Amino acid sequence: MGQILARLFNRFGRYKNHQKILMLGLDGAGKTTLLRKVTDPSTPRLTQPTVGFNLESVRHRNLTLIMWDVGGQEKIRALWHHYFIKSNALIFVVDSSDSSRIPEARKELQKLLHEPELKDAKLLVYANKQDVQNCLSSSDLTDMLDLSLVDDRQWHVQACSANTGKGVYEGLDWLADALKPS
Ligand SMILES: Nc1nc2c(ncn2[C@@H]2O[C@H](COP(=O)(O)OP(=O)(O)OP(=O)(O)O)[C@@H](O)[C@H]2O)c(=O)[nH]1
Ligand SMILES: [Mg+2]
């Protein structure tokens, strides 16, 4: 599996100014819906739970973002590590309308932040599903995910709705700035 992914990675690696972006998060958080929103906004479609991954390239500012959207169901999270290599950024998507699953999301996110292969990856957390009434705000999520303890990388929490598109490009703007060579 690792070899197939490495071959795919090399193929996409030919793009100028490309950045590898890994999208993870619990099942149902809205990763695939977000990806569709930025790749094919005109045709909203119902998503199926992702078994495996979706791979798309997205032009944003002067960057080509090679976005790997990996399925988040519990039984396939053990495969996430195959996708870590050379990730420039981690996008972690959270369902802000489901407070009962935030402890599970925090556990998975904190595990990822301790992975040596992801130590240089910038972190963008999308507080998704903001169109749902009484959802958690981005500052609620910052607290509940223990993000204020993260001091070894640049991170940002962006409130968004993959359904309406609100906030999605603001998140990519932050990412493009964070990925600029210093
Ligand atoms: N209300 C609302 N629903 C959303 C939003 N984003 C996604 N959804 C819904 O949430 C459900 C799961 O979305 P997916 O994009 O398939 O979730 P996923 O993170 O890719 O899930 P896995 O592939 O299983 O890891 C679908 O019914 C989506 O329509 C949003 O911003 N608002
Ligand atoms: Mg999916």
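What you are looking at is a predicted structure, and each value in this text was computed from that prediction instead of being measured.

Visitor: Help me understand the overall build of the protein in this model?
Guide: Secondary structure summary: the protein contains 5 helices and 6 strands in total. Mapped in sequence order, the helices and strands of the protein form the string α-β-α-β-β-β-α-β-α-β-α. Scaling as 2.2 N^0.38, a compact globule of 182 residues should have a C-alpha radius of gyration of about 16 Å, and the protein matches this with 15 Å. Overall, the C-alpha framework of the protein stretches about 45 × 40 × 35 Å when taken along its three principal axes.

Visitor: What is the right way to look at the coordination of the magnesium ion (ligand 2) in this model?
Guide: Only Thr-32 (OG1) and Thr-50 (OG1) from the protein coordinate the magnesium ion (ligand 2), and they sit 2.0 Å from it. Here Thr-32 is found in helix H2 (residues 31–39), whereas its partner Thr-50 is found in the loop between H2 and strand E2 (53–60), with 18 residues between them in sequence. Classification of Thr-50 as buried rests on a relative accessible area of 12%.

Visitor: For this particular structure, what's the right way to read the site of ligand 1?
Guide: Taken together, 20 residues form the shell around ligand 1, and within it Lys-31, Thr-33, Thr-47, Thr-50 and Asp-131 come nearest. Separating a nitrogen atom of ligand 1 from a side-chain N or O atom of Asp-131 is a distance of 2.7 Å. The greatest single-element share of the shell around ligand 1, amounting to 3 residues, is contributed by H2.

Visitor: Help me out: how do you make sense of the packing of H2 against helix H5 (residues 168–179) in this one?
Guide: Helix packing geometry: the angle between the two helix axes and the distance between the axes. The N-to-C vectors of H2 and H5 enclose an angle of 85°; their axes lie 11 Å apart at closest approach. The angle between H2 and H5 places the two elements in the roughly perpendicular class. When H2 is examined against H5, the residues Leu-34, Lys-37 and Val-38 are found in contact with a partner set consisting of Val-168, Tyr-169 and Leu-172. For the contact of H2 with H5, the class distribution of residues is 5 nonpolar, no polar and 1 charged.

Visitor: Please explain the environment of Lys-111 as it appears in this structure.
Guide: Tracing the backbone shows Lys-111 in helix H3 (residues 102–113). Taking the relative accessible area as the measure of exposure, Lys-111 reaches 45% and is therefore partly exposed. Counting along the chain gives 58 residues from Lys-111 to Phe-53, while the straight-line C-alpha distance between them is 20 Å.

Calculation rules
- Residues numbered from 1 in each chain as written.
- Chains lettered and ligands numbered in written order.
- Predicted model: local features only at pLDDT ≥ 70, side-chain atom pairs only at ≥ 80, totals over all residues.
- Heavy atoms only, no water.
- Helix = DSSP H or I, 4+ residues; strand = E, 2+ residues; numbered from the N terminus.
- Rg over C-alpha atoms; globule rule 2.2 N^0.38 Å.
- Donors = N, O, S within 2.8 Å, 3.2 Å for Na, K, Ca; no water.
- Buried < 20%, exposed > 50% of the residue type's maximum accessible area, 1.4 Å probe, protein only.
- Near = heavy atom within 4 Å.
- Polar contact = N/O pair within 3.5 Å; in protein donor to acceptor, adjacent residues only side chain to side chain.
- Axes fitted to C-alpha atoms, helices over the stretch in contact; angles between N-to-C directions.
- Parallel < 35°, antiparallel > 145°, perpendicular 65-115°, else oblique.
- Contact = heavy atoms within 4.5 Å.
- Nonpolar A, V, L, I, M, F, W, Y, C, P; charged D, E, K, R; others polar.

Read these as layout, nothing more, since geometry by itself doesn't imply function.
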